Amino acid sequence: MTVETPTRLSPLSGWQDRLAQLSAGLLLRELPFLTQLALRLRPGSPAAQAVESSLGITLPGPLRAEMSDDVKVLWMGPDEWLLVAPEGQQDDLVAHLRVAIGDEFATVTDVSAQRTTLALSGHLVRTVLAQGCAIDLDPRVTPVGSCLTTVLASAPITLVVRAEAASSVWLLVRSSFASYLATWLVDACTEYGGGTG
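In what follows, the accompanying structure is described. As the structure is a computational prediction, the values presented were derived from the model and not from experiment.

Cut-off values and rules
Residues numbered from 1 in each chain as written. Predicted model: local features only at pLDDT ≥ 70, side-chain atom pairs only at ≥ 80, totals over all residues. Heavy atoms only, no water. Helix = DSSP H or I, 4+ residues; strand = E, 2+ residues; numbered from the N terminus. Rg over C-alpha atoms; globule rule 2.2 N^0.38 Å. Contact = heavy atoms within 4.5 Å. Areas by Shrake-Rupley, 256 points an atom, 1.4 Å probe, with all protein chains shown as cover. Lys, Arg positive; Asp, Glu negative; His and termini not counted. Charge placed at Lys NZ, Arg CZ, Asp CG, Glu CD. Buried < 20%, exposed > 50% of the residue type's maximum accessible area, 1.4 Å probe, protein only. Polar contact = N/O pair within 3.5 Å; in protein donor to acceptor, adjacent residues only side chain to side chain. Salt bridge = Lys/Arg side-chain N within 4 Å of Asp/Glu carboxyl O. Expected span 1.5 Å × (residues − 1). Arc of directions from axis to C-beta. Pairing = 2+ DSSP bridges. Axes fitted to C-alpha atoms, helices over the stretch in contact; angles between N-to-C directions.

A word on the overall build of the protein chain
- Counting its regular elements, the protein chain contains five helices and 10 strands.
- Here the protein chain has a C-alpha radius of gyration of 18 Å; the compact-globule value for 197 residues is 16 Å, and the two agree.
- Taking the principal axes of the C-alpha coordinates as reference, the protein chain spans close to 60 × 55 × 25 Å.
- In the protein chain, the proportion of contacts linking residues at least 24 apart, taken out of those at least 6 apart, comes to 62%.
- Carbon together with sulfur atoms contributes 51% to the accessible area of the protein chain, which is approximately 10000 Å² in total.
- The positive charge centre, built from 13 side chains, and the negative charge centre, built from 20, are 4 Å apart in the protein chain.

Quick look at the side chain of Ser 45
- Looking at the secondary structure, you find Ser 45 in the loop between strand 2 (35-40) and helix 2 (46-55).
- For Ser 45, a relative accessible area of 5% translates into the label buried.
- A distance of 2.6 Å separates a polar atom in the side chain of Ser 45 from the backbone oxygen of Arg 42.

Notes on the pattern of salt bridges
- For the coordinates displayed, the defined rule picks out five salt bridges.
- Salt bridges sharing partners connect three or more residues here, namely Arg 40, Asp 79 and Glu 80.

Here's the deal with helix 3 (residues 90-101)
- Its 12 residues place the ends of helix 3 16 Å apart at the C-alpha level, agreeing with the 16 Å of an ideal helix rising 1.5 Å per residue.
- Those residues of helix 3 not exposed but buried are Gln 90, Leu 93, Val 94, Leu 97 and Ile 101. An end-on view of helix 3 places all buried positions within 100 degrees of arc, on one side of the element. Counted as exposed and oriented over 90 degrees from the buried face of helix 3: Asp 91, Asp 92 and Val 99.
- Those residues of helix 3 hidden inside the fold are in contact with strand 2, helix 2, strand 5 (80-85) and strand 6 (107-110).
- Once helix 3 finishes, Gly 102 follows within two positions and takes phi at roughly 60 degrees, a positive value.

Details of the sheet that holds strand 4 (residues 72-77)
- The five strands lie next to each other as 3-4-5-2-6, forming an open sheet whose pairing is antiparallel. Of all the strands in the sheet, just strand 3 (65-66) and strand 6 have a single pairing partner and so form its edges.
- Sheet analysis places strand 2 next to strand 6, joined by four bridges and oriented antiparallel. Looking at the pairing, Leu 37 lines up with Asp 110 of strand 6.
- Sheet contacts for helix 3: strand 2, strand 5 and strand 6; angle to strand 2, the most-contacted strand, approximately 20 degrees.

Have a look at this one:
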């Protein structure tokens, strides 16, 4: 008797065709199943220094993200960061961090199932997001590397600016809000000239 392993579905698994129909004004795709770890520790503490040394990064300060390496680090609060890495690295990364931290006070929690990530790019990104988000995406206000917890069309998100003039962003959204937010983005893109209508 063969036991089949259930197929793992992302929050937007049925959306590929609809997202692919958007024009070049706004390219939208899901980055499913990314490793996401919540890291809590005191900035500047021995635990923070151990994490920075072991990952070869500097924990970013308020409203910033470090996006240059395989492990992305997003500032989430005064003593909290979100580590984002490729799919399937949860166990290894947790074990690595716990060894580095040792007996110092810190917590590392796998929260990968909580959110999915939407990658948006194109010249309509700022225009579309401005219709549902109060954040000023002018590059003088939110330069590359900005990381903001906010609301988009009533959905709580973390927004990370990845390119100049916010022409490329990540939206990290709770899995339960992903379909709603994708619907809103597709509709908004169509309304502002970026969709197939």
